[in-house]
Amino acid sequence: VEDLDLDEIVHGLTFDDPRVASVEVSVVRPGEPVRITHVLDAVEPRVKPDDPAATFPGALGTLRPAGSGRTNRVAGLAVLGCGSLPTVQGGPQEQEQIVDMAGPGAELSCFSRTINVVLSFSAAEGVRNEDFDAAVRAATLRAARDLAAATIGRKPVDVEVLEHELGGKAGDDGLPSVVLLLQLSALLPQLDVHVYGATLQGFQPTIMNPLEVLDGAITCAEYSWAAMRNPTYVYQNAEIVRELLAADGKRLNFAGLVLCRGYNQGSSGKERAAMLAAKLARELGADGAIVTTDGGGNSHTDTMLTVRHCERAGIRTVAIVAELGGLTDHVPEADALVSTGDIAELVAEWRPQRVVGGERRLDGRLAAEAGPIAVREYLGASNQMGQAFLRAASR
Amino acid sequence: MKVVHYLNQFFAGHGAEEGAGQPPVRLEGPVGPGVAVAGLGLPIAVTLICGDNYFAEHEEKALSRLLGYLDEELPDVLLLGPSFGSGRYGYACGTLGREAARRGIPAVCGMHAGSPGIQAARDYVYVVPTTPNVAGMRDALGTMAGLALRLATGEDITTTEAGEYSLPNPRRNELAGETGAARAIELLLAKLAGNVRTELDVAVDAVPPPPPVEDLASATLALVTEAGCVPQGNPDRLASTRARTWFRYSLSGELTLSPERYQSVHGGFDVTLANEDPNRLVPLDTVRAIEREGGVGRLHDFFYTTSGSGILVAMAARFGQEIAEELKQAGVEAVLLSGT
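Let me begin by describing the structure that accompanies this report. The written sequence of each chain sets the order in which its residues are numbered from 1. Note on labels: chains are lettered from A, ligands numbered from 1, in written order. Two thresholds apply to this predicted model, a pLDDT of at least 70 for residue-level local features and 80 or more for giving and counting side-chain atom pairs, whereas whole-chain, interface and lining totals are computed over all residues. To obtain the side-chain values, all non-hydrogen atoms of the structure were included, while hydrogens and water were left out.

**What about the pattern of salt bridges?**
Okay, step 1: Salt bridge, as used here: a side-chain nitrogen of Lys or Arg that lies within 4 Å of a carboxyl oxygen of Asp or Glu. Taken as a whole, this structure holds 44 salt bridges over all chains when the rule is applied.
Okay, step 2: Close ionic contact of Asp302(A) with Lys270(A) constitutes a salt bridge, the shortest N to O distance being 3.1 Å. In this pair, Asp302(A) sits in helix H7 (residues 298-312) while Lys270(A) sits in helix H6 (residues 267-283), placing the two residues 32 residues apart along the sequence. By the burial criterion, Asp302(A) is buried, and Lys270(A) matches it.
Okay, step 3: With a shortest N-O distance of 2.8 Å, Arg103(B) and Asp71(B) are connected by a salt bridge. Of the two residues, Arg103(B) is situated in the loop between helix H4 (87-102) and strand E5 (107-111) and Asp71(B) in helix H3 (residues 59-73); the sequence distance between them amounts to 32 residues.
Okay, step 4: Throughout this description, buried means an accessible area under 20% of the type-specific maximum (1.4 Å probe, protein chains only), exposed means over 50%, and partly exposed covers the range between. Taking relative accessible area as the criterion, Arg103(B) reaches 35% and is therefore assigned partly exposed. The helix and strand labels rest on DSSP assignments: H or I over at least four residues marks a helix, E over at least two residues marks a strand, and numbering proceeds from the N terminus.

**So, the packing of aromatic side chains**
Residues and elements named next belong to chain B.
Okay, step 1: Stacked, tilted and edge-to-face pairs are distinguished by plane angle, under 30 degrees for stacked and over 60 for edge-to-face with tilted covering the rest, among Phe, Tyr and Trp rings (Trp via its six-membered ring) whose centres lie within 6.5 Å. Taken as a whole and judged by the stated rule, the model has 10 aromatic pairs over all chains.
Okay, step 2: Relative to Phe11, the ring of Phe10 has its centre 5.2 Å away and its plane inclined at 85°; by these criteria the two rings are edge-to-face.
Okay, step 3: Judged by its relative accessible area of 47%, Phe10 is partly exposed.
Okay, step 4: Through successive ring pairs, a cluster of aromatic residues spans Phe10, Phe11, Phe84 and Tyr89.
Okay, step 5: Over a ring means this: the NZ of a Lys or the CZ of an Arg is within 6 Å of the ring centre and within 35 degrees of the ring normal. The aromatic ring of Tyr91 is capped on one face by Arg318, whose charged end is 5.1 Å from the ring centroid.

**Examining the pairing of strand E13 (residues 253-262) of chain A**
Residue and element names in this part refer to chain A.
Okay, step 1: By the criterion of burial, E13 is predominantly enclosed, with 10 of the 10 residues buried.
Okay, step 2: Relative to E13, strand E11 (residues 206-208) runs antiparallel, the two being bridged by 3 bridges. When the bridges of E13 are listed, Ile207 appears paired with Val258. At least two DSSP bridges between two strands are required for those strands to pair.

**Brief notes about unusual backbone geometry**
All names here are of chain B.
Okay, step 1: With an omega dihedral of 10°, the bond running from Gly81 to Pro82 counts as a cis peptide bond.
Okay, step 2: Residue position: Pro82 is located in strand E4 (residues 77-84).
Okay, step 3: Notably, Leu74 is not glycine yet its phi reads approximately 45°, a positive angle.
Okay, step 4: With respect to the secondary-structure elements, Leu74 resides in the loop between H3 and E4.
Okay, step 5: Accessibility expressed as a relative area gives 60% for Leu74, which makes it exposed.
Okay, step 6: For Arg237, which is not a glycine, the phi torsion comes out positive at approximately 55°.
Okay, step 7: Within the fold, Arg237 resides in the loop between strand E9 (229-231) and strand E10 (247-250).

**Points about the sheet that holds strand E3 (residues 39-43) of chain A**
Residue and element names in this part refer to chain A.
Okay, step 1: Pairing is mixed in the open sheet, where 4 strands are placed in the order E1-E8-E6-E3. Edge positions in the sheet fall to strand E1 (20-28) and E3, since each has one partner strand and no second. Averaged over all pairs of adjacent strands, the angle between strand axes in this sheet comes to 20°, irrespective of strand direction.
Okay, step 2: Here E3 pairs with strand E6 (residues 77-82) via 4 bridges, running antiparallel. Directly across from Ala42, in E6, lies its bridge partner Leu80.
Okay, step 3: Against the sheet, helix H2 (residues 129-149) touches E1, E3, E6 and strand E8 (115-123), its axis set at about 150° to E8. Axis definition: a line fit to C-alpha positions, over the contact stretch in the case of helices; interaxial angles, taken between N-to-C directions, run 0 to 180 degrees. In what follows, a contact means two residues having at least one pair of non-hydrogen atoms within 4.5 Å.

So, in structure tokens, the structure goes:
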């Protein structure tokens, strides 16, 4: 990113959408006394240099399988699309979403360590939530693509080659085969993750190449639980996928990845999805599995049932979960859990000198004078794909 | 040595229900049970008081104010209650004690084992067990004062005898050296090698199923739900997520929950279908039919509702205890609890 004239590129961003009344653009850097509010999504600038129109296929670009060919990324930079939904509606409610660039909250979020291009959107008069949401998502992904387009034709600072074969590198040569069960939320508009631009509602577990996950096939349209959800950036830079790729053929055999829906509906819906996910893992030859979580409460039950069905299928399983002053669900088979921290714990008060994204919190109070803020509100703080460092521990 | 004491409106002499809405206040010296504590050799410098309803309904504001007072006073120990078996008071004591302990102020509560404050205080607060009611005031104050005195003089208390009090075993957030992803892989490889380790040793508060109702045909049945079912327009403003309270609504003369008059404001699921027929949240139509056929003796005149979305376990435990207490007093013998 140091190679790019960021101000010039940011200045060149254009927004033209009748659903949006205005967009304010600001660039904030780690260590600055800035609080960012109402963050809807965070996206790393990426472009497919050989076919820019296919960047973020389905969600923004033309449909072409992600995960192959060359991708240019601007490492260390994130585009944060911010805004609050125009109307209060039934069902899951909008929750506060904060990134602090300094102070105690900055230790919690990976987005406190990136240079952030913050886009603050306000809705045009009379625009419905789903239309504003769609406009913000498209504009944020487009800005990420256009920022990265500045790299086309330039010499890269670094080139990384990532490879994955279904079944893993080692095959049968004695290393344990591990399958990643990646949970994606799908409940309602604004509590949804998109795969190639589509919701997973009515979806059953399916196999996906881990490189597709890293290459923009999955985008976020989920704005509940700031600490526990996965912004697009987290899929693009999924530590859990990268760690498994790095260990593939050395410490384990990364046999494959199964996409699972979180927020399955009804007890048989949850049970069926968990059973089918475990069955796919078994067919991929899994000796072990890692189950991730997206969101919370309801989806923790999906995680627990998936662990249970994996263990019943003879697959040793670890799950990654956040704590909500305790767990809302647990099965005895879940005997190896990674804690990503207690979201109810308060983070000490910090007063920013500047607030971007919106001066006032959803509860009407000034964001600069919010007092101690719960971990729950910090974007990515208790990320259950294991992206962050926070955990709760007994002393 | 500086000791701060926390009381609710009732024990501070500000009235029972009528003072329950009182916001936090700070008074010099001991008040109510604090006077007896002072007589036991533990001087109370400041008493903090908050109405139980105020704390329950404005927890963030109440905590912020109370913690502000503690930041000014910087006491050596915080004494809370005793709150005995009280739901809201116990919850406030446990929650404030926990937040104080997180700031490095040792906290001592006194409460009954069934109090939801036990959950709220979870792992952070020294808890002296008490009787369910004020009959055990003297014993409780004696143990609490002795414990607080030792803590105020800087003693690091790490052992307990004969269940005299329970020790805090704080579970706190910290930054690990590696990401959750890297730790997950380590835990999995260890588990595959036969070495099962976990970062979260779950002691779930398991609720054993109660014995079946002996004779439902003569029993009074109540409907309770966490489905966020409320009268249309949500007149009492039940929160969709992280509810602070529960409500009771009359079913007197009601045969069905019509969509014109009821709705769900639950924040954890798609309420579209539920709102087409709120009986699927609170099955009044079916239960009325069973009542007519003599399958249940009588349906209780009220249903009880909250939203379970995003709620903390301790808060949910408090709601449950409060609702159960009211149902018991009303002679209800069976509950149909619908969850979502």
